[in-house]
Amino acid sequence: MRGVRKAFGATIALDGVDFPVRSGEVCALVGQNGAGKSTLMAILAGALKPDAGVMRVEGAPYAPRHPLDARKAGVAMIYQELSLAPHLTVMENIVLGVEPARSGVIQRDRMRETAAAALTELGHPDMSPDAMVGDLSPAGQQLVEIARALASGCRVLVLDEPTSSLSHGDVRTLFDLIGRLKRQGHAIVYISHFIEEVKEVSDRFVVLRDGRNAGEGITAQTRAEDIVGLMVGRALEDLYPRSDRTAGDAILEVEELMPGSATFTLRRGEVLGIAGLLGAGRTRLLRTIFGLEPVKSGRIKIAAYSGPATPQARWRQGMGMLSEDRAGEGLARTLSIADNMTMTRLESLGPAFAVLPARQDAAAARWIDGLAIRCSGPRQAVAQLSGGNQQKVAFARLLHHDVDVLVLDEPTRGIDVSSKAQIYRLIDELVSSEPRDGLKAVPYRYRDADHETTAPRNGLKTVPYRDGDAGSDTTPPEKTSVGDGLQPVPTRARAVLLVSSYFPELLGVCDRIAVMSRGRLGPARPASEWTEHALLMEASGARAAS
Amino acid sequence: MKARRFLDESGVLVGLVVVALIFGALIGPQFFRAANLELMARQTVIVAVAALGMTMIIVSGGIDLSVGSIVSLSTVVVALLLKTHGPALAAFGAVAAGAACGAVNGLLITQLRVVPFIVTLGTMLLVRGAAKGLADERRIEAPITWLNDLLRTARDGRGWLLPTGIWITVALAIVVALMLRYTRLGRHLFAIGSNERTARLCGVRINYTKFAVYTLGGALAGLAGVMEFSKLSVGDPTVAVGLELDVIAAVIIGGGSLLGGKGSVLGTLAGAAIMVVIQVGCSQQGLPNWVQQIVTGTIIIGAVALDRWRQKSA
């Protein structure tokens with residue numbers, strides 16, 4: 001691709017980008033969200049038409065008018081969200097759209113051959129062509145999608161964030177597969193936010209920034225920091241800020257909770273991380289704590305309150321949750337930013353049952369400013385925002401509700417580096433004993449006015465819980481002392497429970513980390529005692545095995 | 001930006017004006033005479049009242065196919081009650097019967113976790129059967145009371161300027177519009193319709209809200225039944241078959257989305273009015289019934305397609 005240019009109205013998304021890929025190499029395309037990666041790839045795939053520039057595939061001019069053209073020319077895309085038909089079998093999916101047929105009747109034998117050939121080429125002859133795609137793991141589904149690309153004779157394979165839904169082990173398998181395809185002479189474009197992955201899998205890299213080439217190079221000869229530097233356009237200072245934190249009172253106590261088999265205590269002023277591989281039950285644990293899934297046994301205590309676990313009770317007790325599934329659960333995408341941010345606390349936005357849109361907008365505008373959310377205004381639909389900005393909207397909901405305990409499930413999945421940095425900074429400010437200016441501007445106190453019956457402000461007094469379930473547990477909390485004999489400090493610092501598949505992030509952000517493996521949560525230990533290697537050992541059960 | 005938003009929200013009003021102008025041009029100025037306009041308004045009322053409830057239900061991502069049956073049950077209940085009680089109590093009883101049917105819908109949908117389409121398809125038959133059983137499969141004659149005047153023309157001192165039924169509809173429309181826009185219940189309905197999982201995560205009481213909206217929808221259908229009775233002056237268990245489709249069409253023409261999260265009262269009223277204008281216009285132009293049906297069908301599909309196209313180009 002040479003000199004590709006694309007403008008949407010006044011916004012220039014791509015301004016003369018060059019992007020060469022040779023066969024038999026893996027070229028990483030990196031850049032923040034909004035750098036133009038998606039636009040470039042949409043042009044490559046034929047979904048968008050460039051305003052200027054030329055594209056060639058193996059020397060032949062290439063100007064796809066729609067995705068099928070691209071596929072015919074040998075360019076195949078594997079998107080972040082897989083595009084498979086879950087109710088069809090593996091082989092039906094592999095030949096979808098190019099079914100071998102004689103006068104309209106499908107030839108199942110040839111279909112099976114094609115599918116088996118593609119799977120063998122990928123080194124997975126063991127996968128059954130008759131399995132239902134919906135029953136496969138995310139990794140298996142991805143494999144089917146790659147097989148489909150091969151079956152249609154692709155020469156250029158574009159992988160967009162292929163590891164976002166894979167666990168550690170599956171990522172390994174994928175990298176082996178990429179290596180195999182490379183040796184077979186395919187050209188591979190690898191798009192990712194994870195610099196470690198780029199370092200590991202690619203031969204060359206191209207950095208996009210603000211729609212231009214910001215740099216490129218041989219991966220093996222470049223340091224990760226330098227690549228990130230090119231992406232953000234400045235040296236990346238401390239990605240994980242850490243201000244003074246003082247662990248205060250226990251605010252969330254979980255005892256032998258099933259499912260999840262977890263026992264832990266979370267204090268004000270700390271970030272507790274839960275590490276683990278995909279499918280280890282981390283999300284289930286968080287959802288059970290938040291009342292989205294039934295508690296089988298065990299106790300959950302938030303400050304002084306323990307009672308029925310429902311999401312509405314949790315919000316009232318001052319706990320908020322950020323879902324890992326931003327589009328499917330985290331946000332109502334057709335509704336406005338203001339509606340999404342204020343949904344949990346409409347009470348404060350008007351008298352009696354009323355909700356005054358003006359006050360809703362004012363509340364939202366404060367967070368739009370505070371978190372630097374790029375949008376046209378509080379009434380813009382969430383679906384029109386970029387991933388990073390959507391996540392900030394979801395996060396702002398917790399801030400607007402002014403929760404004491406933030407339960408964050410994969411808060412930085414699929415968002416750009418600067419949004420990530422902002423979320424890390426935000427988490428740090430929330431748990432720090434001295435909130436910085438950015439957050440001080442927030443009227444913390446206005447919940448006291450409109451629901452004085454929620455969780456205790458300073459974590460020390462009993463909770464007069466009004467809604468009829470006070471009987472379940474009204475014992476005033478005893479002054480607990482922190483493990484090593486320190487006196488608890490009354491503080492308004494929040495507590496954060498963080499689940500992440502990305503270990504460097506956990507090590508950077510958390511004070512303590514516990515590892516979840518096969519549904520069991522291990523003991524929490526200070527982050528300084530963990531390394532990435534140790535976390536992986538523990539999470540994969542390798543430690544127990546040895 | 002302002003102009004665009006105005007167009008987005010009132011596109012269906014423009015459509016209404018266009019349709020009316022076309023018939024005005026075909027038929028002549030008498031189409032816009034006060035008496036004719038009032039005639040059309042009266043015809044709109046029954047669909048419009050039921051469509052107010054349907055708007056709320058569709059905004060929440062649901063649907064109610066039992067509306068037509070509830071209307072017929074309501075006419076039967078009014079007629080039966082009028083034999084022994086006063087008109088006010090009869091009307092109240094009919095609305096309560098409608099609300100009870102809606103409550104059953106709400107309970108079945110939230111407790112059995114069966115999709116609204118299936119539940120209300122079932123209750124459509126159930127309620128129709130109950131109405132026929134209650135009426136012993138006959139029309140029920142009822143004494144003449146002021147209930148029969150709800151939709152009578154406003155001359156001879158009945159009603160103020162317009163028939164009482166129209167004023168009731170306008171008042172209810174304002175209440176429902178305010179409710180959708182300015183109350184917690186309203187915002188929760190949009191949230192559930194837009195993404196039910198998000199609403200649950202945010203602590204919205206989903207079952208309660210759904211129960212409330214189907215009950216309200218049932219009550220409004222019951223009230224539409226009172227209006228229907230006023231028109232018929234008998235209780236008839238076989239009336240209003242297929243009315244639910246007109247009601248749904250009004251909401252959809254008015255910008256509602258069957259996927260939920262979208263819909264407005266103003267749009268719904270305009271949608272209901274468009275259908276009546278076509279109906280009245282066609283019959284006054286001397287066009288046969290089949291032409292009118294073809295035109296209405298085209299408008300339904302056209303309105304949704306236009307909406308799609310506008311969103312895409314936005």
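Only a predicted model underlies this, so the values are computations on that prediction, with no experimental measurement involved.

Rules of the game
- Residue numbers here run from 1 along each chain, matching the order of that chain's written sequence.
- Just so you know, chain letters begin at A and ligand numbers begin at 1, following the order they were written in.
- Two thresholds apply to this predicted model, a pLDDT of at least 70 for residue-level local features and 80 or more for giving and counting side-chain atom pairs, whereas whole-chain, interface and lining totals are computed over all residues.
- Helix numbering and strand numbering both begin at the N terminus, where a helix is a DSSP run of H or I of at least 4 residues and a strand a DSSP run of E of at least 2.
- To assign burial, the other C-beta atoms lying within 10 Å of each residue's own C-beta are counted, with C-beta atoms placed from the backbone; 20 or more indicates buried, 12 or fewer indicates exposed, and intermediate counts indicate partly exposed.
- The contact criterion used here is simple: two residues whose C-beta atoms, placed from the backbone, lie within 7 Å are in contact.
- What the globule rule says is 2.2 Å times the number of residues to the power 0.38, and the radius of gyration is computed from C-alpha atoms.
- The criterion for strand pairing is that DSSP finds at least two bridges linking the strands in question.
- Here, axes are lines fitted to C-alpha atoms. For helices the fit covers the stretch in contact, and angles between N-to-C directions go from 0 to 180 degrees.
- Multiplying 1.5 Å by the residue count of a helix minus one yields the expected span of that helix.
- By definition, a nonpolar core groups buried Ala, Val, Leu, Ile, Met, Phe, Trp, Tyr and Cys residues that are joined through C-beta atoms within 7 Å.
- Ten residue types, Ala, Val, Leu, Ile, Met, Phe, Trp, Tyr, Cys and Pro, are classed as nonpolar, four, Asp, Glu, Lys and Arg, as charged, and the remainder, Gly among them, as polar.
- Comment on the angle field: the value is read as roughly parallel under 35 degrees, roughly antiparallel over 145, roughly perpendicular from 65 to 115, and oblique elsewhere.
- Each crossing gets its handedness from the near helix: less than a right angle anticlockwise from the far helix is left-handed, clockwise is right-handed.
- Confidence scores here are pLDDT values: one per residue, from the predictor, ranging 0 to 100.

Participant: Help me out: how do you make sense of the overall build of chain A in this one?
Facilitator: Along the backbone of chain A there are 20 helices and 23 strands. By residue count, 45% of the 546 residues in chain A fall in the buried class. Across chain A, the fraction of contacts at a sequence separation of at least 24, relative to all contacts at a separation of at least 6, is 69%.

Participant: Would you mind going over the overall build of chain B with me for this structure?
Facilitator: In terms of regular secondary structure, chain B is built from 12 helices and two strands. Reading the secondary structure of chain B in the N-to-C direction produces α-α-α-α-α-β-α-α-α-α-β-α-α-α. In summary, chain B has a C-alpha radius of gyration of 19 Å against a globular reference of 20 Å for 314 residues, a match within 12%. Dimensions of chain B, computed from C-alpha atoms along their principal axes, come out at roughly 55 × 55 × 35 Å. Taking all 314 residues of chain B together, 49% fall into the buried category. Of the contacts formed within chain B by residues at least 6 apart in sequence, a portion of 77% connects residues at least 24 apart.

Participant: What is the right way to look at the sheet that holds strand E10 (residues 156-160) of chain A in this model?
Facilitator: Backbone hydrogen bonds hold the strands of a sheet together, and the pairing may be parallel or antiparallel. Residues and elements named next belong to chain A. Taken in spatial order, the six strands make up an open sheet running E7-E10-E11-E3-E12-E13, and their pairing is mixed. Two strands in the sheet have a free side with no partner beyond their single neighbour: strand E7 (75-78) and strand E13 (212-218). On average, each strand axis in the sheet is inclined to that of its neighbour by 20°, with strand direction left out of account. When strand E3 (residues 26-30) meets strand E12 (residues 204-209), the two strands line up parallel, connected through four bridges. For leucine 29, the partnering residue across the bridge sits in E12 and is valine 206. Where helix H1 (residues 37-44) meets the sheet, its contacts fall on E3, E7, E10, strand E11 (187-191) and E12, and the angle it forms with E10 comes to roughly 150°.

Participant: What's the story with helix H4 (residues 87-111) of chain B in this structure? I'm lost.
Facilitator: For H4 of chain B, with 25 residues, the first-to-last C-alpha span of 36 Å sits near the 36 Å given by 1.5 Å per residue. Phi for arginine 113 of chain B, located one or two positions after H4 of chain B, is positive at around 55°.

Participant: Explanation requested: the nonpolar core in the structure shown.
Facilitator: Soluble, globular proteins show a tendency: their nonpolar side chains are buried together. Judged by nonpolar contacts, the single largest core of 172 residues is most densely connected at Val405 and Val407 of chain A together with Ala50 and Val78 of chain B. If near-sequence neighbours (up to four positions away) are discounted, valine 407 of chain A is found in contact with Leu286, Ile289, Phe290, Met319, Gly320, Met321, Leu322 and Leu497 of chain A. Listed in part, the 61 residues of the second largest apolar core include Ala76, Leu119, Leu159 and Ile178 of chain A.

Participant: Sorry if this is basic, but what is going on with the interface of chain B and chain A here?
Facilitator: For an interface, size is often stated in terms of accessible area lost upon the parts coming together. Opposite the 17 residues of chain B that make contact, chain A presents 22 residues. For the side of chain B that touches chain A, the elements supplying multiple residues, two or more each, are helix H7 (184-194) and helix H8 (196-201) of chain B. Residue contributions to the side of chain B that touches chain A peak at six residues, all from H7 of chain B. Here the residues of the side of chain B that touches chain A are counted per class, giving six nonpolar, six polar and five charged.

Participant: For this particular structure, what's the right way to read the sheet that holds strand E15 (residues 262-267) of chain A?
Facilitator: All names here are of chain A. Spatially, three strands are ordered E15-E14-E17 in an open sheet, and the strand pairing comes out antiparallel. Where the open sheet ends on each side, the last strands, each with one partner, are E15 and strand E17 (297-302). Across the sheet, the mean angle separating the axes of adjacent strands is 5° when strand polarity is ignored. Looking at chain direction, strand E14 (residues 250-258) and E15 are connected through five bridges and run antiparallel. Its bridge partner lying in E15, valine 254 is registered against phenylalanine 264.

Participant: For this particular structure, what's the right way to read the packing of helix H14 (residues 387-401) of chain A against helix H15 (residues 417-431) of chain A?
Facilitator: When two helices pack together, their arrangement is captured by the angle between the axes and the distance separating the axes. Residues and elements named next belong to chain A. Their axes nearest at 10 Å, the elements H14 and H15 cross at an angle of 20°. Considering their axes alone, H14 and H15 lie roughly parallel with respect to each other. By crossing handedness, the relation of H14 to H15 is classed as left-handed. Within the contact between the two elements, H14 uses Gly388, Gln391, Lys392 and Phe395 and H15 uses Ser419, Ile423 and Leu426. Looking at side-chain class alone, the contact of H14 with H15 contains three nonpolar, three polar and one charged residues.

Participant: I keep staring at the pairing of E10 of chain A and nothing clicks. Help me out?
Facilitator: All names here are of chain A. Counting buried residues along E10, four of its five residues qualify, which places the element largely inside the surrounding structure. As paired elements, E10 and E11 share five bridges and run parallel to each other. Bridging across to E11, leucine 159 finds its partner in tyrosine 190.

Participant: Which parts of the structure should I look at to understand helix H11 (residues 265-284) of chain B?
Facilitator: Residues and elements named next belong to chain B. Compared with an ideal rise of 1.5 Å per residue, which puts 20 residues at 28 Å, H11 spans 28 Å between its outermost C-alpha atoms and is within 8% of the ideal. Where burial is concerned, most of H11 is hidden: 16 out of the 20 residues are buried. The positive-phi residue at the C-terminal boundary of H11 is glycine 286, with phi of around 80°.

Participant: What should I look at first to understand the confidence of the model for chain B in this one?
Facilitator: Fine structural detail should not be taken from predicted coordinates in areas where pLDDT scores are low. On average, residues of chain B score 89 in pLDDT, and 93% of them are at 70 or above. Reported confidence for the predicted complex is 0.84 by ipTM and 0.75 by pTM.

Participant: Please clarify how unusual backbone geometry should be interpreted in this entry.
Facilitator: A negative phi angle characterises most non-glycine residues, just as the trans form characterises most peptide bonds. Despite not being glycine, alanine 352 of chain A shows a phi value in the positive range, around 50°. Its place among the elements puts alanine 352 of chain A in the loop between helix H12 (337-342) and helix H13 (357-370). A residue is classified by how many C-beta atoms lie within 10 Å of it, and alanine 352 of chain A, with 7 of them, is exposed. One non-glycine residue, glutamate 137 of chain B, lies in positive phi territory at about 55°. For glutamate 137 of chain B, the position within the fold is in the loop between helix H5 (116-134) and strand E1 (140-141).

Participant: For this particular structure, what's the right way to read the pairing of E14 of chain A?
Facilitator: For a regular strand, side-chain orientation follows a simple rule: the groups alternate between the two sheet faces. Of the strand pairs in this sheet, E14 of chain A and E17 of chain A are connected by five bridges, and their pairing is antiparallel. Bridge pairing links methionine 258 of chain A to serine 297 of chain A in E17 of chain A.

Participant: For this particular structure, what's the right way to read the environment of histidine 124 of chain A?
Facilitator: All names here are of chain A. As for its placement among the helices and strands, histidine 124 is situated in the loop between helix H4 (108-121) and helix H5 (138-151). Between the alpha carbons of histidine 124 and alanine 147 there is a distance of 9.9 Å; along the sequence they are 23 residues apart. What histidine 124 contacts, discounting residues up to four positions off in sequence, is Leu119 and Leu143.

Participant: When you look at the packing of H4 of chain B against helix H9 (residues 206-232) of chain B in this model, what are you seeing that I'm missing?
Facilitator: Residues and elements named next belong to chain B. The interhelical angle for the contact between H4 and H9, taken along N-to-C directions, is 150°, at an axis separation of 6 Å. Considering the relative orientation of H4 and H9, their crossing is right-handed. Grouping the constituent residues of the contact of H4 with H9 by class yields 16 nonpolar, 11 polar and one charged.

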